Amino acid sequence: RSSRKKCPKSKPLKIVNTALQLELARFNIHLGNRCLQTYADPPEDPLNELSAFELGIRRFCYDYNRPVDLEIGEERLQVFLDPDICMLLEDELPQKIVNLEKGQNLILDFCESESVTLSMVVEDATIDCCLRYFGDSVKERRFTLDRDRVVMTLKLFLYQVIANARDSSYITSEETLDFLK
């Protein structure tokens with residue numbers, strides 16, 4: 001006889017899924033009502049340096065200025081068509097959205113109205129979004145966003161603004177198509 005003790009019967013192993021469940025933050029953009037007050041002079045091009053499209057977009061953003069509410073997680077930002085969104089449009093926003101969709105990072109600066117930079121770092125199907133407020137002190141907030149949702153929201157917002165400019169005769173249909181390529 002053996003003096004070894006018998007091991008108690010072990011229970012079958014349960015395989016537990018240890019994948020982290022990320023809670024994805026909201027990401028929304030809404031156009032507000034038209035602003036009736038103006039804080040700057042209307043756009044001009046005395047040296048004829050701007051294309052008809054560029055001047056048309058500037059005039060549209062100025063004439064139809066309105067707040068643009070950004071909702072990122074529990075953070076709320078309010079920027080304006082003029083100058084914030086107008087500056088993004090001039091900085092090739094459609095191409096930046098395409099690049100984000102392809103997996104490249106994106107930085108959006110809202111230095112006029114909110115003094116904030118929005119940095120989006122792509123991580124597969126999600127985006128690590130950092131809101132960095134600057135001014136007297138620096139404050140940062142981080143959120144995990146769904147990449148497809150962000151891309152779709154940005155595209156829909158872009159199309160809405162450009163379609164409004166076209167429908168108001170500030171830009172032509174041909175210019176619209178060229179810009180959105």
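Our structure is the block above this text.
Values in this document were obtained by computation on a predicted structure and should not be read as measured data.

Conventions we followed
- Here the residue index of a chain counts from 1 through its sequence in written order.
- The predicted origin of the model limits local features to residues at a pLDDT of at least 70 and limits the giving and counting of side-chain atom pairs to 80 or more, whereas totals for whole chains, interfaces and linings rest on all residues.
- Excluding hydrogens and water, the side-chain figures rest on all heavy atoms present in the structure.
- One bridge is not enough; two strands pair if DSSP finds at least two bridges between them.
- Strands here are runs of E lasting at least two residues and helices are runs of H or I lasting at least four, both read from the DSSP assignment and numbered beginning at the N terminus.
- Simply put, an axis is a line fit to the C-alpha atoms, just over the touching stretch for a helix, and the angle between two N-to-C directions goes from 0 to 180 degrees.
- In this analysis, two residues are considered to be in contact whenever any of their non-hydrogen atoms come within 4.5 Å of each other.
- The span you would expect from a helix comes to 1.5 Å times its residue count less one.
- When a carboxyl oxygen of Asp or Glu lies within 4 Å of a side-chain nitrogen of Lys or Arg, that pair is called a salt bridge.
- When accessible area is computed with a 1.4 Å probe and restricted to protein chains, residues below 20% of their type maximum are described as buried, those above 50% as exposed, and intermediate ones as partly exposed.
- Only residues whose relative accessible area exceeds 30% and that form no salt bridge enter a patch; like-charged residues are grouped when within 9 Å of one another, and nonpolar side chains (Val, Leu, Ile, Met, Phe, Trp, Tyr) when within 5 Å.
- To be clear on the numbers: accessible area is Shrake-Rupley with a 1.4 Å probe, and residue cover counts the displayed protein chains and nothing else.
- When the centres of two rings from Phe, Tyr and Trp lie within 6.5 Å, Trp using its six-membered ring, the rings pair. Their planes under 30 degrees apart give stacked, over 60 give edge-to-face, and anything left gives tilted.

Before going further, it helps to spend a moment on the sheet that holds strand E2 (residues 67–72). Strands sit in the order E1-E2-E3 across an open sheet of 3 strands; the sheet is antiparallel. In this open sheet, the two strands that pair with only one neighbour each are strand E1 (27–31) and strand E3 (75–80). For this sheet, the mean inter-axis angle between neighbouring strands, taken without regard to orientation, is 20°. Here E2 runs beside E3; their pairing, made up of 6 bridges, is antiparallel. Its bridge partner lying in E3, Asp69 is registered against Gln78. Here helix H4 (residues 147–167) sits on the sheet and contacts E1 and E2; the angle it forms with E1, its principal contact strand, is near 10°.

The next thing to look at is the sheet that holds strand E4 (residues 106–110). Spatial ordering of the open sheet is given by E4-E5-E6-E7, a layout of 4 strands whose pairing is antiparallel. On the outer flanks of this sheet lie E4 and strand E7 (139–146), each paired with one strand and no other. The average undirected angle you get between the axes of adjacent strands in this sheet is 15°. Here 5 bridges tie E4 to strand E5 (residues 116–123), and the two strands are oriented antiparallel to one another. Bridge assignment links Asp109 to a residue of E5, and that residue is Thr117. Those strands touched by helix H3 (residues 93–101) are E4, E5 and strand E6 (126–133), and its axis lies near 140° from that of E4.

Each full turn of the α-helix corresponds to 3.6 residues, which orients residues three or four apart in the same direction. Compared with the 16 Å implied by 1.5 Å per residue over 12 residues, the 16 Å span of helix H1 (residues 52–63) between its first and last C-alpha is a close match. In this structure, the buried residues of H1 make contact with helix H2 (81–90), H4 and helix H5 (173–180).

Throughout the structure, instances matching the rule amount to 11 salt bridges. The partner of Arg76 in a salt bridge is Glu71, with the nearest N and O atoms 3.3 Å apart. The class of Glu71 is buried, set by a relative accessible area of 14%. A salt bridge links Asp91 to Lys96, with the nearest nitrogen and oxygen atoms 2.6 Å apart. The class for Asp91 is partly exposed, based on a relative accessible area of 41%. The exposure class assigned to Lys96 is partly exposed, which follows from its relative accessible area of 23%. By sharing partners, the salt bridges in this structure join Arg26, Glu71 and Arg76 into a single network.

A few words now on a nonpolar patch on the surface. Together, Met152, Leu156 and Tyr159 make up an exposed nonpolar region whose accessible area comes to about 310 Å². Positionally, Tyr159 belongs in helix H4.

Another aspect to go through is the packing of aromatic side chains. For any pair of aromatic rings, the description consists of the separation of the ring centres together with the inter-plane angle of the planes. Under the definition given, this model contains 4 aromatic pairs. Ring geometry for Phe60 and Tyr170: centres 5.7 Å apart, planes at 65°, overall edge-to-face. On the criterion of sequence distance, the pair formed by Phe60 in helix H1 and Tyr170 in the loop between H4 and H5 is long-range, its members being 110 residues apart. Counting every residue linked through ring pairs, the aromatic cluster contains Phe60, Tyr64 and Tyr170.

Looking now at unusual backbone geometry. Between Asp82 and Pro83 the backbone carries a cis peptide bond, its omega angle lying at 15°. For Ser115, which is not glycine, the phi torsion reads 55° and is therefore positive. Residue position: Ser115 is located in the loop between E4 and E5. You will see that Ser169, though not glycine, has its phi angle at about 65°, which is positive. With respect to the secondary-structure elements, Ser169 resides in the loop between H4 and H5. Judged by relative accessible area, which is 65%, Ser169 ranks as exposed.

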